[in-house]
Amino acid sequence: MKKLLIFIILAINVFAIDIYVGANMSGATSWDTDVSPMKKTNYDDPIYGLNVEIVQSIPFVELGLGTSYETGFKTTENKSYDAVPIYVLAKYNLFPKGVKPYLVAKYGLVLYQNEENCVLDNGAYYSVGVGITLLRKLQLEGSYSLATGEMDNKDLNLTTAGLTLRYNVF
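Residues numbered from 1 in each chain as written. Predicted model: local features only at pLDDT ≥ 70, side-chain atom pairs only at ≥ 80, totals over all residues. Heavy atoms only, no water.

> Explain the packing of aromatic side chains here, please?
Given two aromatic rings, one states the distance between the centres and the angle between the planes to describe the pair. Applying the stated criterion across every chain, the model contains 6 aromatic pairs. When the ring of Tyr-107 is compared with that of Tyr-126, the centres are 5.4 Å apart and the planes differ by 45°; the resulting orientation is tilted. On the criterion of sequence distance, the pair formed by Tyr-107 in strand β6 (residues 100-116) and Tyr-126 in strand β8 (residues 123-134) is long-range, its members being 19 residues apart. An aromatic cluster is defined as three or more aromatic residues linked by ring pairs; in this entry it consists of Tyr-43, Phe-73, Tyr-81 and Tyr-112. We note Lys-91 situated over the ring of Tyr-20; from NZ or CZ to the ring centre the distance is 5.2 Å. Taking NZ or CZ as reference, Lys-91 lies 4.9 Å from the ring centre of Tyr-102, over its face. (Phe/Tyr/Trp six-rings, centres within 6.5 Å; stacked < 30°, edge-to-face > 60°. Helix = DSSP H or I, 4+ residues; strand = E, 2+ residues; numbered from the N terminus. Lys NZ or Arg CZ within 6 Å of the ring centre and 35° of its normal.)

> Whenever I open this one, the nonpolar core confuses me. Can you help?
The tendency in soluble globular proteins is for nonpolar side chains to be buried side by side. Counting residues in hydrophobic clusters, the biggest one holds 19 residues, and the most contacted among them are Tyr-43, Phe-73, Tyr-81, Tyr-112, Leu-120, Leu-156 and Leu-158. Among the elements of the structure, β1 (17-32), β3 (47-58), β5 (80-93), β6, β9 (138-151) and β10 (154-168) are those that each provide at least two residues to this core. Setting aside anything within four residues of it in sequence, one finds Tyr-43 in contact with Ala-28, Thr-29, Ser-30, Phe-73, Lys-74, Thr-75, Tyr-81, Leu-156 and Leu-158. (Core = buried A, V, L, I, M, F, W, Y, C linked by side-chain atoms within 4.5 Å. Buried < 20%, exposed > 50% of the residue type's maximum accessible area, 1.4 Å probe, protein only. Contact = heavy atoms within 4.5 Å.)

> Explain a negative patch on the surface here, please?
On the surface, Glu-115, Asp-121, Glu-150 and Asp-155 cluster together to form a negatively charged patch. Checked against the element boundaries, Asp-121 lands in strand β7 (residues 120-121). (Patch = residues over 30% accessible without salt bridge, like charges linked within 9 Å, V, L, I, M, F, W, Y side chains within 5 Å. Areas by Shrake-Rupley, 256 points an atom, 1.4 Å probe, with all protein chains shown as cover. Salt bridge = Lys/Arg side-chain N within 4 Å of Asp/Glu carboxyl O. Lys, Arg positive; Asp, Glu negative; His and termini not counted. Charge placed at Lys NZ, Arg CZ, Asp CG, Glu CD.)

> Looking at this structure, I do not really get the pairing of β9. What am I missing?
On a regular strand, one side chain projects to one face of the sheet and the next to the other, so that they alternate. Summarising the sheet, β7 and β9 pair through 2 bridges and their orientation is antiparallel. Directly across from Asp-121, in β9, lies its bridge partner Glu-150. From the end of β8 to the start of β9, which pair antiparallel, there are 3 residues, and Leu-135 there has a positive phi angle of about 55°. In terms of strand pairing, β9 meets β10 through 14 bridges, oriented antiparallel. Residue pairing in the sheet places Gly-142 in a bridge with Leu-163 of β10. (Pairing = 2+ DSSP bridges.)

Here's what the structure looks like:
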């Protein structure tokens, strides 16, 4: 068993895979696009989440997979739920030495969990952002995301603007 664990650790290191674990905080708004002018619904509290990203570095670019568990979506209409986006990501490093600012794009799907007073169907997940990597260990990222789906048989267009802090654990 020890040999297998050592082999896995060395294999990850050979391929220069980085694993980031982080926390995020965001504010959310949903938009009803079926009415004109569009009606917006604000959410009561900030949304907190935990996320994990696994990325492979290529010169100037990082490609990877990620997921997040975002809890605390509570509308003013007493509806609440949690969201789990699962996505692929691409980061473009603007300056690949030392302090590295980057642009990031994410695409995937969002799974809705723990629904109260509503019925949700899963949908697509889109996100764009800008961030900075400090000393290959710490990332600070601002992002704007769109999650789609259906809530109570109506289209759900949920936008969030948030801040994420991640640490490279491996």
